[in-house]
Amino acid sequence: MSSAAPRPADQDHLWSVDEHLEDILATVRPLEPIELQLLDAQGCVLVEDVTVPVSLPPFDNSSMDGYAVRVADVAGASEEFPAVLDVVGDVAAGQAELLHVGPGQAARIMTGAPLPPGAETVVPVEWTDGGLGEGPVSGMRARSLAPEGAEGHVHVYRSAEARAHVRAQGSDVRAGDRALDAGTVLGPPQIALLAAIGRGTVRVRPRPRVVVMSTGSELVQPDESLGTGQIYDSNSFALTAAARDAGAIAYRVGAVADDAETLRSTIEDQLVRADLMVTTGGVSVGAYDVVKEALSSVADEDEPGSGVDFRKLAMQPGKPQGFGTIGPDHTPLLALPGNPVSSYVSFELFVRPAIRTLMGLDDVHRPRTRATLTAKKALTSPKGRRQFLRGAYTDGSVAPVGGAGSHLVAALAQADALIVVPEDVESVEPGAEVEVVLLG
């Protein structure tokens, strides 16, 4: 899961965003591969190339419900002068014993059924009388209702070229072809392909298990009544949802009160199901910011290389951050600030790349682009800080959403991008080109 512990830093050192992210990605390592059943592997990353053992389709088969015939027997057929053929029986999908189609004969064939020996093409049933002798039909009658349809004669009203309406063996993929490359994320189409070529299991890196917990005695769960000075816990819901969106299996832990012993005990209990832990709140310099206290105690245990470093970053929002490894397995832990916007921005910049790294993906970052700033007035940014403002991106332009406050959850819900203002820029005029992190 992780290599050596993160590098310690001077408490007065102001870390850059890039330094902090580099430290995280240098510590977190992809999870070890395991063999999983196909449906359990959804969302996971392949660790090996998959080769096709059997061609798809494995045999020539019909793409239509109709009649398997010889080309010469239907040449020149029309409604005025139909070809009349003897029906020798049915060929259904999954049928093991095939009929032989000779001169002047036809076999009623179903979609997906193997092309029978002797047949060269398939005539759709709509080009025939369906064996009823009453002109063109729109479909076949069910065999259970009209078993006589599989014998007798059929009138064919149109000619067909060789191998018309026939899916050729190997026309999808051929035996020996590479079906999927290592590094592929398995979604529904990839799982369908694996099943189609007969693979019941596949070797992947598992989806990381992420435990999310928020801290603060003021936090109340949704649907409960608010008391004086209390607020609803939104961070743990936002970050758990974000972790799932990133590809993780995420577990949300209810808000933990501002008590170091309770928090430490909760963290230790949760380690058993965590490949990555995320806390939010309690990382600043207040008297009740207990995450530092609790994690310092955890770090003091006899775990060489384990520990959590609390830092100040040259960014806004999200200046206070914590990162390290804890427990016997050196489980990575990211401690995020408690303000809702600060915690979410911090997740996008630091936690999401960590999750994607655990998954074994090569590209762990959100896509970025350049956009024209659409705003009523210039954007201001503190000198020496990299600012991330919420924005709405549309067709090459981006507009700020809400203000710069780190508590503005409603504005966050309207944003689909982050506007990046570099450390050396204090003002951005409307119409200027800016860097944008795309969130959706």
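Presented here is a report on the structure given in the accompanying data block. (Residues numbered from 1 in each chain as written. Predicted model: local features only at pLDDT ≥ 70, side-chain atom pairs only at ≥ 80, totals over all residues. Heavy atoms only, no water.)

What about the packing of helix α4 (residues 235-246) against helix α7 (residues 340-359)?
And then number 1: At their nearest, the axes of α4 and α7 sit 10 Å apart, and the two run at 30° to each other. Considering their axes alone, α4 and α7 lie roughly parallel with respect to each other. When you trace α4 past α7, the crossing you get is right-handed. Mapping the contact onto sequence places Asn235, Leu239, Ala242, Ala243, Asp245 and Ala246 in α4 and Pro340, Ser343, Tyr344, Phe347, Arg352, Ile355, Arg356 and Met359 in α7.
And then number 2: Tallied by class, the residues present in the contact of α4 with α7 amount to nine nonpolar, two polar and three charged. (Axes fitted to C-alpha atoms, helices over the stretch in contact; angles between N-to-C directions. Helix = DSSP H or I, 4+ residues; strand = E, 2+ residues; numbered from the N terminus. Parallel < 35°, antiparallel > 145°, perpendicular 65-115°, else oblique. Left-handed = near helix turned anticlockwise from the far one by under 90°. Contact = heavy atoms within 4.5 Å. Nonpolar A, V, L, I, M, F, W, Y, C, P; charged D, E, K, R; others polar.)

Comments concerning the packing of helix α1 (residues 17-27) against α7
And then number 1: Relative orientation of the contacting elements α1 and α7 amounts to 25°, with a least axis distance of 10 Å. What the angle tells us is that α1 and α7 run roughly parallel. Note on packing geometry: the crossing formed by α1 with α7 is right-handed. In this structure, α1 uses Val17, His20, Leu21, Ile24 and Leu25 to contact α7, whose residues at the interface are Leu349, Phe350, Pro353, Ala354 and Thr357.
And then number 2: Classifying every residue of the contact of α1 with α7 gives eight nonpolar, two polar and no charged.

Section: the nonpolar core
And then number 1: Membership of the largest hydrophobic core comes to 40 residues, with the highest contact counts inside it found for Leu276, Phe350 and Ile355.
And then number 2: Contributing elements (two or more residues each) for this core: α1, β14 (209-215), α4, β18 (276-280), β22 (331-336), α7 and β27 (417-421).
And then number 3: With 11 residues, α7 is the single largest residue contributor to this core. (Core = buried A, V, L, I, M, F, W, Y, C linked by side-chain atoms within 4.5 Å. Buried < 20%, exposed > 50% of the residue type's maximum accessible area, 1.4 Å probe, protein only.)

Here's the deal with the side chain of glutamine 387
And then number 1: Secondary-structure assignment places glutamine 387 in strand β25 (residues 386-394).
And then number 2: At 2.8 Å, the side chain of glutamine 387 and the side chain of glutamine 316 are in polar contact.
And then number 3: Here the side chain of glutamine 387 touches serine 381 through a polar contact of 3.3 Å, side chain to side chain. (Polar contact = N/O pair within 3.5 Å; in protein donor to acceptor, adjacent residues only side chain to side chain.)

A few points about the pairing of strand β6 (residues 66-69)
And then number 1: Pairing of β6 with strand β8 (residues 105-109), which is carried by three bridges, proceeds in the antiparallel orientation. Following the sheet pairing, glycine 66 is matched in β8 by isoleucine 109.
And then number 2: As defined by bridge partners, β6 adjoins strand β9 (residues 121-124) across four bridges and the pair is classed as antiparallel. The residue of β9 that forms the bridge with valine 69 is threonine 121. (Pairing = 2+ DSSP bridges.)

Describing the pattern of salt bridges
A side chain of one charge can pair with a side chain of the opposite charge if their charged atoms are brought near each other.
And then number 1: Taken as a whole and assessed by the stated rule, the structure comprises 16 salt bridges.
And then number 2: Its salt-bridge partner being aspartate 18, residue arginine 386 comes within 3.1 Å of it at the nearest N-O pair. Taken together, the positions of arginine 386 in strand β25 and aspartate 18 in helix α1 put the pair 368 residues apart, joining distant regions of the chain.
And then number 3: One salt bridge in this structure joins arginine 370 and glutamate 433, with 3.3 Å as the shortest N-O distance. With arginine 370 in strand β23 (residues 368-373) and glutamate 433 in strand β29 (residues 433-438), this pair connects stretches of sequence that are 63 residues apart.
And then number 4: In this structure, a network of salt bridges that share partners links the residues Asp18, Arg386 and Glu423. (Salt bridge = Lys/Arg side-chain N within 4 Å of Asp/Glu carboxyl O.)

A look at helix α3 (residues 188-196)
And then number 1: Listed in full, the buried residues belonging to α3 are Ile191, Leu193 and Leu194. Along α3, the residues classed as buried sweep out an arc of 160° about the axis, all on the same side. Pointing more than 90 degrees away from the buried face of α3 are the exposed residues Pro188 and Pro189.
And then number 2: The secondary structure elements touched by the buried residues of α3 are β4 (50-51), β12 (178-180) and β13 (201-205). (Arc of directions from axis to C-beta.)

A word on the sheet that holds strand β21 (residues 320-326)
And then number 1: What the seven strands build is an open sheet, ordered β1-β19-β21-β22-β18-β14-β17; its pairing is mixed. Of all strands in the sheet, those bounded by a partner on one side alone are β1 (14-15) and β17 (249-256).
And then number 2: Across six bridges, strand β19 (residues 307-313) lies against β21 in antiparallel orientation. Bridge pairing in β21 links arginine 311 to glutamine 321.
And then number 3: Helix-sheet contacts for α4 involve β14, β17, β18 and β22, and the interaxial angle to β17 is about 170°.

Concerning unusual backbone geometry
And then number 1: With an omega of -10°, the peptide bond between leucine 56 and proline 57 qualifies as cis.
And then number 2: Mapped onto the fold, proline 57 is located in the loop between β4 and β5 (61-62).
And then number 3: The residue after glutamine 316, namely proline 317, is reached through a cis peptide bond having omega -5°.
And then number 4: Structurally, proline 317 can be placed in the loop between β20 (315-316) and β21.
And then number 5: Backbone geometry places histidine 330, a non-glycine residue, at a positive phi of 50°.
And then number 6: Here histidine 330 lies in the loop between β21 and β22.
And then number 7: Its identity as a non-glycine residue notwithstanding, aspartate 395 has a phi of 45°, on the positive side.
And then number 8: Structurally, aspartate 395 can be placed in the loop between β25 and β26 (397-400).

Considering the packing of aromatic side chains
And then number 1: Evaluated as defined, the whole model comprises zero aromatic pairs.
And then number 2: In this structure, arginine 158 packs its charged tip against the face of tryptophan 127, placed 3.9 Å from the ring centre.
And then number 3: The side chain of arginine 252 reaches across the aromatic face of phenylalanine 237, ending 3.9 Å from its centre. (Phe/Tyr/Trp six-rings, centres within 6.5 Å; stacked < 30°, edge-to-face > 60°. Lys NZ or Arg CZ within 6 Å of the ring centre and 35° of its normal.)

What to know about the environment of aspartate 416
And then number 1: With respect to the element layout, aspartate 416 can be found in the loop between α8 (409-414) and β27.
And then number 2: Along the sequence, aspartate 416 and valine 401 sit 15 residues apart, while their C-alpha atoms lie 9.5 Å from each other.
And then number 3: Not counting residues within four places of it along the chain, the set of residues in contact with aspartate 416 comprises Gly391, Ala392, Tyr393, Val437, Leu438, Leu439 and Gly440.

As far as function goes, none of this settles anything; it's purely spatial.
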